[in-house]
Amino acid sequence: MDDYRFTNIDQEPTDEQLSQLMREVAEDAKERWEKARTAYFAQLTQMVQAI
């Protein structure tokens, strides 16, 4: 979402811009969650194998 910045107080984002932003944020959150989940279970597996 490069075509709108929340620095201009006088101009509200369009519904389309907000929708696009929300999609991008959701995609980013999902990717981060997957990375964190993978790292967590890798670490958990490593800890269990060390026992």
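Since we're looking at a predicted model, the values are computed, not measured.

## Comments concerning the pattern of salt bridges
- One pass over the full model with this rule turns up two salt bridges.
- A salt bridge links D28 to R32, with the nearest nitrogen and oxygen atoms 2.9 Å apart. Of this pair, D28 and R32 both sit in helix α1 (residues 15-50), four residues apart, which is roughly one turn of the helix.
- Residue D28 is classed as partly exposed on the basis of its relative accessible area, which comes to 35%.
- Of the charged contacts in the structure, one is a salt bridge between E34 and R37, with a shortest N-O distance of 3.8 Å. One end of the pair is E34 and the other is R37, both in helix α1 and three residues apart, which spans about a single turn.
- The exposure class of E34 is partly exposed, given its relative accessible area of 34%.

Reading the values: rules and limits
- Residues numbered from 1 in each chain as written.
- Predicted model: local features only at pLDDT ≥ 70, side-chain atom pairs only at ≥ 80, totals over all residues.
- Heavy atoms only, no water.
- Salt bridge = Lys/Arg side-chain N within 4 Å of Asp/Glu carboxyl O.
- Helix = DSSP H or I, 4+ residues; strand = E, 2+ residues; numbered from the N terminus.
- Buried < 20%, exposed > 50% of the residue type's maximum accessible area, 1.4 Å probe, protein only.

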